[in-house]
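Topology and contacts: notes
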Amino acid sequence: MKEKELPLLECSINDIYCQGQESKTYLIPIYQRNYAWQEDEIRALIKDVYDSMKKSDKSVYYIGTLVTYNRGDHVYEVIDGQQRLTTIYLILKAMKVDSIKNKLTYSARKRSASTIRHLDNCQDLDGEVDNGIRDGYQNASNALKDIVGINEKEEFMQFFLNNVHIIHYSVPKDVDLNHYFEVMNSRGEQLEKHEIVKSMLSEPMLSEHLDKTKTDIATFGKVWEACSEMNAYIQQTFSEKQVFGDHLNDFAINDFSEIPARDESDGKETIINLLGKPIEQQNVSTAYEQSDKFQPIIDFPNFLLIVLKVTMMDEKGFVPSDFILDDKELLDEFKKSLDGAADKAYFARQFAFNLLKAKFFLDNYIVHHALDNKETVGDNPWKLQCLYKENNKKQYLKNLSENADIQKELVHLLSMFEVTFTPKQRKNYLFYCMAYLFKNGMQSDRDYLQFLRQLADKYFYDVYLNQGCLNERNQPLPNAFDNVVLKNGRLNLNKVGVEGVDYKARFNEIYKQGTMDIPLYVFNYTDYKIWRKYSDELRGNKTKKGSCERSQFFDSLGCSDFELDPFNNFYFSRTRKSLEHFYPQEKAGEGKLLSSEGINCFGNFAMIGADANSSGSNWSPKAKLDHYSDEKADQVSVASLKFKIMMQMCQDNYTQELEGELDRGSGLEWNEDDMKVHQQKMLDIIISDKQ
C-alpha cells in the first residue's frame, strides 16, 4: 500500500505558540519520556539562535521537526519533537513573552502539567514539581542572561518568535497511527556530520591512485574508529605497542607513516558509498575492563574541531580567533581547511596523526568524570589517570603524578575549568591544554601544573578583570580567550595582568555592588585559591586546632576554625551552577532590614546546586546554616569553600549573640558589614599576589 503523504507546514515559533483563531493545546502523551534536555543543550540552542541573529536579522534558523496528531477540539497530540517543543516553551516563558496563546500540557502527568503552568513560582509546589522542567526553565533563564545583552533582549525575542522555524507535520485524523509509527521507525538515521568529515578527508588520498594509498586509507579508518570511542582509553581501542611503547604510557611515533598499517579492505569509504547505504550500528570491542571506562568531557565532533584547530596552528596565515569551536560549524571548518591546503592528502594524513596523538593526551592527561553520576562528599569523581602496563603484567590505571600534592592540584585545576565550561562547544581551555601538550608533551608534572596555574591566572586577570573582554553581563566576548592567551599563533602565558593596576579596585568596579552579573569562573577560581592557600599553609602539617598556624589561617579567612575536612574533601561538583544569596532577596528591599543593593554583592554570593537554591532561597541565613549543616542535607550541592566560610561567620555571630558579646537582633546573624568583611577577605586571597 502506498504511504499517505503527510501535510507539512513551515512554521515560526510565533505561529506555533502565539497565533491561531482558536487556542490550541499541545498534549504530551503518557508514552513520551519525561523532559530531559540538560543545561548544555538548552544553552547551545540559545547560543545558536543568537549567533544566527548576529549574522543576519533576516536569516531563518531551522530548529527541526514537530509531528502532531489532531485529536479534535484543537488538541494536538505530540508524536515527535516534544523535547524541543517544551524547550521552546521554556525559553518563551523565560523571556517573559506575554503573547503566548496556545498551551502545552501533559496527559496523565499531574506533576509535569502543574509545573509547566506555574513556572514563575514552581518552588511553591513543594513535592509536586517536575524537576526536569523546573531546571530547564532555570537553565533557559540563566543562558539568556549570559548570552543575550541587556540592549538586545527585544531584538532577540522578535528574532526567536519570527525567524526560528520548525517543520510541522500534522497527521490527519484518518491516518493509522500504528502504521505511521512503523514507517517512522523503519526509515533509519541520517548520516552524521563527522561521518561526512571522515569521507572528506579520505577523498584526497583516494585520488592519488597509489598502491600505498589503499593501506593508508585503511589505517586512517582504524585510527578514526578507535578515536571516536570517547569513553575508553585509546591504548585499549588502538592497542599497538609501537605507538604507545612497552608500558603504554608514551606516544612513541612521530608521523602518520609510523602508525602500524592496516589491511586495505578496512576503512575504505567515500561520501558516495556512505550516502548510498543505510547507517548501521558498529559493534565496538568490549575487551577492556568496564572499570577503565569513564564519562568523556567532550563528544567526538567537538573533539575533531579541537584537533583541527591544533593542526591549523602550523598553517601560514591561520587566524585562531576566526576558528569556531562549535560542532554546528564542523563541515564548514573542515571544508575551509581542506580547500586551503596545498597538499590535501598530506593534510589528511597529518590530521589523522594529530587525532591519534590528541586522543592519547585527552585520555591520559585531562580529567574525566567517573561513570557513576552520583557525587558524594569526600569521593572526588574527577579522575586524572593514565593507563599503564608494567612488563608483562596486566594493564592498570595510575595517577598522572606520583606526587600526591601535585596530583590533587592538577585535578582541581582541570576540573575547575571543566565545571565552568561544561558545554561541549567552545572548550577553549581544552584547546590550550592540547596546544601545550603537543608542544611539550609530559616532560614534567610540575611544568604541567605551572602551565595550568598560569592559564587559570590568565583567565582571571586578563579576561574576567578586563572590562574590554566582557559584555554588559560581564560574560567573555567572542574570541576574548584567544585574544589574550594566544599571540602570533602560540601560547602566551608568561605575562599575567598589567603591572601597577589595582586589581582589587578593578574587581569592585567591574563586579560592583548592586549587580548579580558575576560569572561562574570567578566563584570557581575563588574556591581554588582558598584551597590553594590551605594547601600551601596547612596541608600535610598535621596542625592541631588552636595552634598558631591554624589560628592565623582561619583569621585570614575571617572566621573561626571549622576543621580541615571541608578542604581535604573539597572538589568541584558539576551541580554548583546556581547563584545563591546567603542573605535572601525576599527579605531585603525598601522598608526592610537590609537594602536590595546592599545584598547584591560578591560578599553575599556563592555558587551552589540548583536544587538547594530552589528549596532554600528564601530562608534566613541562620535557617540556611542549620539546614545545610544537617548531615541529612545534600552536602555536595553546597560544597563551596567560600560558602562554608560565610556560614561559619554567621555561626560565629550567632554564638557571640548567645554569649552576650554581640547584639544585633534576630535575623541579622549575617548583615551588610559581614558581607563587606567577607568580600575583602576573599579579594585578599585571590588577588594577594597582584597588588
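Residues numbered from 1 in each chain as written. Predicted model: local features only at pLDDT ≥ 70, side-chain atom pairs only at ≥ 80, totals over all residues. Heavy atoms only, no water.

1. Thoughts on the pattern of salt bridges
Oppositely charged side chains can pair when the atoms bearing their charge come close. We count it as follows: What makes a salt bridge here is a side-chain nitrogen of Lys or Arg within 4 Å of a carboxyl oxygen of Asp or Glu, nothing more. Put simply, DSSP marks the helices as runs of H or I at least four residues long and the strands as runs of E at least two long, and each gets a number from the N terminus on. Buried residues are those whose accessible area, probed at 1.4 Å on protein chains only, stays under 20% of the maximum for their type, while exposed residues exceed 50% and partly exposed ones sit between those limits.
A full pass over the atoms with the stated rule returns 37 salt bridges. Of the charged contacts in the structure, one is a salt bridge between Arg453 and Glu409, with a shortest N-O distance of 2.9 Å. You can see Arg453 sitting in helix 18 (residues 445-464) and its partner Glu409 sitting in helix 16 (residues 404-420), a full 44 residues away along the chain. Overall, the relative accessible area of 4% leaves Glu409 in the buried class. Residues Glu563 and Arg550 are paired through a salt bridge, measuring 3.4 Å at the closest nitrogen-oxygen approach. Of this pair, Glu563 sits in the loop between helix 22 (548-557) and helix 23 (565-568) while Arg550 is found in helix 22, placing the two residues 13 residues apart along the sequence. Overall, the relative accessible area of 3% leaves Arg550 in the buried class. Here the residues in one salt-bridge network are Lys47, Asp48, Asp51, Asp326, Lys328 and Arg426, joined through shared partners.

2. Comments concerning the packing of aromatic side chains
To keep it simple, the criterion reads: In summary, the pairing rule links any two rings of Phe, Tyr or Trp, Trp by its six-membered ring, whose centres are within 6.5 Å, and it sorts them by plane angle into stacked for under 30 degrees, edge-to-face for over 60 and tilted for everything else. Remark: a charge is flagged as sitting over a ring if the NZ atom of Lys or the CZ atom of Arg is within 6 Å of the ring centre and within 35 degrees of the ring normal.
For the coordinates displayed, the defined rule picks out 53 aromatic pairs. Sitting over the face of the ring of Tyr654, Lys622 holds its NZ or CZ atom 4.2 Å from the ring centroid. The ring of Phe602 has Lys642 sitting right over it, with the charged end atom 4.6 Å from the ring centre.

3. A closer look at the environment of Tyr525
As a reminder, the rule being used: By definition, residues are in contact when any of their heavy atoms lie within 4.5 Å.
Along the chain, Tyr525 falls in helix 21 (residues 520-537). Along the chain, Tyr525 and Met416 lie 109 residues apart, while their C-alpha atoms are 7.4 Å from each other. For Tyr525, the residues in contact, after removing those within four places along its chain, are Met416, Ala456, Asp457, Phe460, Tyr461 and Ile686.

Without other data, these values stay purely geometric and don't point to any function.
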